[in-house]
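Descriptive structure summary
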Amino acid sequence: MSSITSDFKPTPLVEEVVLQNDDSDDDEISDDILESLAGTIASSSITKSVGGGRRVSRASLRWFQEQTAEHTAFLITGDGKLSDDYILKRQSVNRPATLKSIPRLADLSTDITSIDGWVLTQLFLSGFAKLAKQTGELNKINVFPIADGDTGANMKVCLKLPVRNLLLSPSDSVLTVASNLAADVLLNGQGNSGTILSHFFVSFAEEIKASGQTETLTIDELADCITKTGAKMMDAVPDPVEGTMVSVARDCCNLSGEGPFTHLKDLLNAWTAKAKNELAKTPDELMVNGVKVLEKAGVVDSGAQGFVYIIEGMHLASQQLLPEASDINLFRRATIDTDEGVGADVDVDHTVTDTAYQFCTEAVVLLKDGVNKATVVDFISKVAAEEGLGDSIACVGGPDKQGGNMVKLHIHSNECERVFDHLKQFSREPILRKVKVEDMH
């Protein structure tokens, strides 16, 4: 159960949740819930709120939580991988919705000695809150692999709905929380930075499963899961580059020599200090054709900076220095302010990198039996090298189902349809599960 001190009570969620459309043509997340409730819950339990949104009653919210809990046994398969069946079930909750207020599920400033689902959710919320505040800055300092100004936006999109969904469906179980977030980031992660970030959270859930703990982790067990997750980060891309998010995450997540830890705050202090130290090395480490492109541009790596902001947000929350975590606008649809965030006024030289490829291309593939992530990455990498199909390849592996896997591939290319055609040979279905193309020029 929760390690929160006995005098602290989590902010009630049931009375606070209001699900509303941001745009009139978007589906409300509550629609499926309310339809499923037809005939089982008296109509008097459903009330309307001001502004066109539906207030979800205590009965309907409880049903939603029970339905989620009903499938938690299938979140991670026997070999420790996320179940793609569960990921597909999660698609229905990844719809636009807003919260009336942001609940506080745990007080991270207390002397927490074990991590349950409430605490882990608050950590994820805090990390996202700091990242979201710095979106504009991250976009502006985006130099590598291409200066397309979307690193902050992609990382924010990766976490926005997944973190919001944790607040809509809270759980005491640390494994359930980690698995729910992992399933949702796989669906929501986009761009090079978003795909790599989703790889971190998918791997983190797998390490919690491997620990054998389902309800709580000790602080040292959490540190061990973080360390093992960091060791997997170089697998996020076929050609990892030093001085980027993958190398910074690998090195700063290695907490094996930092413990033992008594309280969560001790871990966050050590992790944040190490993350900032590794981030500072990126201008010297990242080389492109013999040029230190970050140093020349006068910035640190944007993806690595975003990852460090997530860690820093958790640390700031433990110091009661993160008011953004309770900002009602945190999950609302908004345009990106390019001047948003501390350091956004920095003068950046965006001419230090360029790309011959026009389109940021992504696809989610439900793979044939016997095909895995390595098969797809090896093939696409070979075609890219031999035929100039593209660059900036990143791939996150999803779950195992009946011997197959789901993967999400990211590549910069001039021939999007050719990329999709190549991927179809690996697909169990006649069409790809999801595709996205964005013009970077």
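This write-up is about the structure you can find in this document. It should be emphasised that the depicted structure is a prediction, and the values quoted were computed from it without experimental measurement. (Residues numbered from 1 in each chain as written. Predicted model: local features only at pLDDT ≥ 70, side-chain atom pairs only at ≥ 80, totals over all residues. Heavy atoms only, no water.)

Observations regarding the pattern of salt bridges
Within this structure, the stated rule accounts for 15 salt bridges. The closest approach of N and O atoms between D251 and R250, which form a salt bridge, is 2.8 Å. For D251, a relative accessible area of 22% puts it in the partly exposed group. In this structure, the salt-bridge partner of E387 is R418, at a minimum N-O distance of 2.1 Å. (Salt bridge = Lys/Arg side-chain N within 4 Å of Asp/Glu carboxyl O. Buried < 20%, exposed > 50% of the residue type's maximum accessible area, 1.4 Å probe, protein only.)

Remarks on the packing of aromatic side chains
Counting across every chain of the model gives seven aromatic pairs. When the centroid spacing of 5.6 Å and the interplanar angle of 85° are considered together, the rings of F124 and F201 count as edge-to-face. One end of the pair, F124, is in helix α4 (residues 117-133); the other, F201, is in helix α8 (residues 191-211), and 77 residues separate them in sequence. Overall, F124 belongs to the buried group, its relative accessible area being 7%. (Phe/Tyr/Trp six-rings, centres within 6.5 Å; stacked < 30°, edge-to-face > 60°. Helix = DSSP H or I, 4+ residues; strand = E, 2+ residues; numbered from the N terminus.)

Quick look at the state of the cysteines
Each disulfide consists of one covalent bond between the sulfur atoms belonging to two cysteines. Enumeration over the complete set of coordinates arrives at zero disulfides. For C253, which is in no disulfide, the shortest distance to another cysteine sulfur is to C252 and amounts to 4.2 Å. Of all cysteine sulfurs, the one in C360 lies closest to C416, which takes part in no disulfide; the gap is 9.1 Å. (Disulfide = S-S within 2.5 Å.)

A word on unusual backbone geometry
The amide bond that connects G259 to the next residue, P260, takes the cis arrangement and shows omega of 0°. The residue P260 is located in the loop between α10 (245-252) and α11 (264-280) in this model. Even without glycine at this site, N289 takes up a positive phi of about 55°. Along the chain, N289 turns up in the loop between α12 (282-285) and α13 (293-297). Even without a glycine there, the phi angle at Q320 is positive, about 60°. Here Q320 is to be found in the loop between α14 (302-318) and β6 (359-366).

Describing empty space enclosed by the protein
Summed over all chains, the structure comprises two cavities of 30 Å³ or more. Of the volumes computed, that of the largest cavity is approximately 140 Å³. Every residue lining the largest cavity is counted, 16 residues in all, and those nearest its centre are F124, F204, I226, W271 and M314. Taken together, the elements giving at least two residues each to the lining of the largest cavity come down to α4, α8, α9 (219-231), α11 and α14. Looking at the lining of the largest cavity residue by residue, the class counts come to 16 nonpolar, no polar and no charged. (1 Å grid on protein atoms, 1.4 Å probe; cavity = no way out; pocket = protein on both sides within 12 Å on 5 of 7 lines; lining within 4 Å. Points joined across faces, edges and corners; volume = space filled by probe spheres on them. Nonpolar A, V, L, I, M, F, W, Y, C, P; charged D, E, K, R; others polar.)

With respect to helix α7 (residues 174-188)
Under the 1.5 Å per step criterion, the end-to-end length of α7 is 21 Å for 15 residues, consistent within 8% with the ideal 21 Å. Extensive coverage of α7 is indicated by the burial of 15 of its 15 residues. The backbone nitrogen of L175 has a side-chain oxygen 3.3 Å away, supplied by the residue at the start of α7, namely S173. (Expected span 1.5 Å × (residues − 1). Polar contact = N/O pair within 3.5 Å; in protein donor to acceptor, adjacent residues only side chain to side chain.)

Here's the deal with the packing of α11 against α14
Look at α11 against α14: their axes get within 9 Å of each other, and the N-to-C directions meet at 155°. The angle between the axes of α11 and α14 places the two elements in the roughly antiparallel class. α11 and α14 meet at a crossing whose hand is left-handed. Two secondary-structure elements touch here, α11 through K265, L268, N269, W271, T272, A275, K276 and L279 and α14 through A304, Q305, V308, I311, E312, M314, H315 and S318. Class assignment of the residues belonging to the contact of α11 with α14 gives a composition of eight nonpolar, five polar and three charged. (Axes fitted to C-alpha atoms, helices over the stretch in contact; angles between N-to-C directions. Parallel < 35°, antiparallel > 145°, perpendicular 65-115°, else oblique. Left-handed = near helix turned anticlockwise from the far one by under 90°. Contact = heavy atoms within 4.5 Å.)

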